[in-house]
Amino acid sequence: MEAEGLDWLLVPLHQLVSWGAAGAMVFGGVVPYIPQYRDIRRTQNAEGFSTYVCLVLLVANILRILFWFGRHFESPLLWQSIVMILTMLLMLKLCTEVRVTNELNVKRRFFADFDPRHFWHWSSFGDYVQCVVAFTGVAGYITYLSIDSALFVETLGFLAVLTEAMLGVPQLYRNYRHQSTEGMSIKMVFMWTSGDAFKTAYFLLNGAPLQFSVCGLLQPRTCSQTRERLTWGRDRTEDTVKPLRSAEPGLRRAGRRARLTHVERRP
């Protein structure tokens, strides 16, 4: 009887929580990239961020949208993919503009050159858009031809989520190759991890297709590796900088003594 009397409160509260979770699912995925976007815009330096992260997320979310045509899933997950694609295009636009501005006397590279050596390292944002449109067209056409095959649809879903699970790999490789984490937003990496935990819980509680749960369980591992690498890189930088800072007073005193000695020796 008491439970029935509380329905007027519990039902709207449950609906409010559902709307909040759906909204967080749609827009929460783009939040980690806000601090990185601001850092790049403030410093006018995009070297610390791997644009291959954008490539991974563009491919993963395009495949996820195509998977939806073969097996419908919750609308918030579909809208999340659309919002993420737009966000990655904005990140690419900023990174390309900053990089081209900083590059002097470098030959311009275009998508239409079809040169694999310069893949995803073109001189204009429009070339990235052409690549994304071409990939979407080819993948969409193949999906259209094979949409009646359950095996193809399920495989497409697994490809989408496994690609997304590799989100942190390009950034890890970039940090390893440069032996530096300079320019990468630590806020972005820690938000990746917290966001993965939320997504996994959302997938499991809402009965999302198995592919999404697999992604939710795999992705935190690559993000944790990126976080550990970031922390190690920052600690290593501090270990290098601290001795230099501690030596600064002695160097300044030695410099003053050298100047005094030079003055005393002057005729």
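One structure accompanies this document, and this report is about it. Since we're looking at a predicted model, the values are computed, not measured. (Residues numbered from 1 in each chain as written. Predicted model: local features only at pLDDT ≥ 70, side-chain atom pairs only at ≥ 80, totals over all residues. Heavy atoms only, no water.)

Once that is clear, we can look at the overall build of the protein. When helices and strands are counted, the protein shows 10 helices and 0 strands. Of all 267 residues assigned to the protein, the portion counted as buried reaches 36%. For the protein, restricting intrachain contacts to residue pairs at least 6 apart in sequence, the fraction spanning at least 24 positions comes to 75%. Carbon and sulfur atoms make up 65% of the accessible area of the protein, which amounts to about 16,300 Å² in all. (Helix = DSSP H or I, 4+ residues; strand = E, 2+ residues; numbered from the N terminus. Buried < 20%, exposed > 50% of the residue type's maximum accessible area, 1.4 Å probe, protein only. Contact = heavy atoms within 4.5 Å. Areas by Shrake-Rupley, 256 points an atom, 1.4 Å probe, with all protein chains shown as cover.)

Time to look at the packing of helix H3 (residues 33-43) against helix H5 (residues 75-102). Orientation of H3 relative to H5, taken along the N-to-C sense of each, is 15 degrees, at an axis distance of 10 Å. In terms of orientation, H3 lies roughly parallel with respect to H5. For the pair H3 and H5, the sense of crossing is left-handed. Residues Tyr 33, Gln 36, Tyr 37, Ile 40 and Arg 41 of H3 touch H5, and the partners they reach there are Met 84, Met 88, Leu 90, Met 91, Leu 94, Cys 95 and Val 98. Here the contact of H3 with H5 is built from residues that sort into 10 nonpolar, 1 polar and 1 charged. (Axes fitted to C-alpha atoms, helices over the stretch in contact; angles between N-to-C directions. Parallel < 35°, antiparallel > 145°, perpendicular 65-115°, else oblique. Left-handed = near helix turned anticlockwise from the far one by under 90°. Nonpolar A, V, L, I, M, F, W, Y, C, P; charged D, E, K, R; others polar.)

It is worth spelling out the nonpolar core at this point. Membership of the largest hydrophobic core comes to 42 residues, with the highest contact counts inside it found for Tyr 33, Ile 40, Phe 49, Leu 58, Met 88 and Trp 120. Looking at this core, the elements with two or more residues in it are helix H2 (7-27), H3, helix H4 (52-70), H5, helix H6 (125-146) and helix H7 (150-165). When residues of this core are assigned to their parent elements, the largest contribution, 12 residues, is made by H5. The residues touching Trp 120, leaving out its near neighbours within four places in the chain, are Thr 51, Tyr 52, Leu 55, Leu 58, Leu 92, Tyr 128, Cys 131 and Val 132. (Core = buried A, V, L, I, M, F, W, Y, C linked by side-chain atoms within 4.5 Å.)

A word on the packing of aromatic side chains. Centre distance and the angle of the planes are the two values used to describe a pair of aromatic rings. Evaluated as defined, the whole model comprises 9 aromatic pairs. Measuring from ring centre to ring centre gives 5.3 Å for Trp 68 and Phe 69, while their planes differ by 80 degrees; the resulting arrangement is edge-to-face. Classification of Phe 69 as exposed rests on a relative accessible area of 53%. Among the aromatic residues, those joined into a ring-pair cluster are Phe 111, Phe 114, Phe 119, Trp 120, Trp 122 and Tyr 128. (Phe/Tyr/Trp six-rings, centres within 6.5 Å; stacked < 30°, edge-to-face > 60°.)

On to H3, then. Among the residues making up H3, those that are buried are Tyr 33, Pro 35, Gln 36 and Ile 40. The arc that holds every buried residue of H3, seen down its axis, measures 160 degrees, which confines them to one face. Projecting away from the buried face of H3 at angles above 90 degrees are the exposed residues Arg 38, Arg 41 and Arg 42. Trailing H3 by a residue or two, Gln 44 shows a phi angle of about 55 degrees, which is positive. (Arc of directions from axis to C-beta.)

The subject of this paragraph is the environment of Glu 97. Mapped onto the fold, Glu 97 is located in helix H5. Distance in space between the C-alpha atoms of Glu 97 and Phe 125 is 7.6 Å, their sequence separation being 28 residues. Side-chain polar atoms of Glu 97 contact the side chain of Lys 93, separated by 2.6 Å. (Polar contact = N/O pair within 3.5 Å; in protein donor to acceptor, adjacent residues only side chain to side chain.)

Position of Arg 71 relative to the elements: it lies in the loop between H4 and H5. A relative accessible area of 32% means that Arg 71 is categorised as partly exposed. Separated by 83 residues in sequence, Arg 71 and Glu 154 place their C-alpha atoms 8.3 Å apart. Among the polar contacts listed, one links the side chain of Arg 71 to the side chain of Glu 154, at a separation of 3.2 Å.

Here Gly 29 shows up in the loop between H2 and H3. Looking at Gly 29, the relative accessible area reads 22%, which means it is partly exposed. Each C-alpha atom, one on Gly 29 and one on Val 83, is 8.6 Å from the other, the two residues being 54 residues apart in sequence. Apart from the residues within four sequence positions on either side, Gly 29 is in contact with Ala 24 and Met 84.

Any functional reading would require information beyond the geometric quantities listed.
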